[in-house]
Every structure is written in structure tokens, then in C-alpha cells.
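# Inside the fold
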Amino acid sequence: MELAKVTSKGQITIPIEIRKKLGLKEGSKVLFLEEAGRIYLADSSMEALREAQIAFAGEAERLGLKNEEDLVAMVKEIRKERMVK
């Protein structure tokens, strides 16, 4: 468990061990999430990636993509279609 003090401006310093665990560097943006009455701190980039993964879940199967070669073929076909237009 780590402890941080809130300044008069509402700022806190995130303890080094927490920054390391979250992979936070200078300039990183953090996200505060509320769930079941608790507040969680997360790296906003990782949370955006997680949300994108959830949004795309099942799309490969829906499109009939079984492996990387199928994906590459689909990208080539889309590029070819766009070049014709």
C-alpha cells in the first residue's frame, strides 16, 4: 500500500512504485475510474487500448479472418479497391 498527500491545489505525487507498475512517465495521462464504490487509477493509453480490444472482440471471426495471412490479404484488397476509386 502506498500513501500520497494532497496539496492545497488538489495535486498528488504518484509514488514511484505505482508509476513503475503502471508504466507512467513524465507527460503520461492518467484516468480515474469508479467501479463498485472504489476509485481506480489507470494509464489512459492502456485503458484506451483495452476498450478498443473489447470493441473489436469477435470481428476477426465475423469477417472470416483465421490467421495473419487472411488479414494481410484483406488489407491488400481494401487498398486495391481504394486506388481504383
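Scroll up to find the structure this text is about.
All of the points below concern the structure found in this document. (Residues numbered from 1 in each chain as written. Predicted model: local features only at pLDDT ≥ 70, side-chain atom pairs only at ≥ 80, totals over all residues. Heavy atoms only, no water.)

### Quick notes on the overall build of the protein
A tally of helices and strands in the protein yields four helices and two strands. Ordered by position from the N terminus, the helices and strands of the protein form the series α-β-β-α-α-α. In terms of C-alpha radius of gyration, the protein reaches 21 Å, well past the compact-globule figure of 12 Å for 85 residues. Here the protein holds 85 residues, and 8% of them are scored as buried. Total accessible area computed for the protein in this model is approximately 8,000 Å², and 56% of it derives from carbon and sulfur atoms. Once the 16 positive and 15 negative side-chain charges of the protein are each reduced to a mean point, those two points are 5 Å apart. (Helix = DSSP H or I, 4+ residues; strand = E, 2+ residues; numbered from the N terminus. Rg over C-alpha atoms; globule rule 2.2 N^0.38 Å. Buried < 20%, exposed > 50% of the residue type's maximum accessible area, 1.4 Å probe, protein only. Areas by Shrake-Rupley, 256 points an atom, 1.4 Å probe, with all protein chains shown as cover. Lys, Arg positive; Asp, Glu negative; His and termini not counted. Charge placed at Lys NZ, Arg CZ, Asp CG, Glu CD.)

### Overview of the pattern of salt bridges
For the structure shown, the criterion picks out three salt bridges. A salt bridge links Glu47 to Arg50, with the shortest nitrogen-to-oxygen separation between them at 3.3 Å. Of this pair, Glu47 and Arg50 both sit in helix H2 (residues 44-56), three residues apart, which is roughly one turn of that helix. Judged by its relative accessible area of 14%, Glu47 falls in the buried class. (Salt bridge = Lys/Arg side-chain N within 4 Å of Asp/Glu carboxyl O.)

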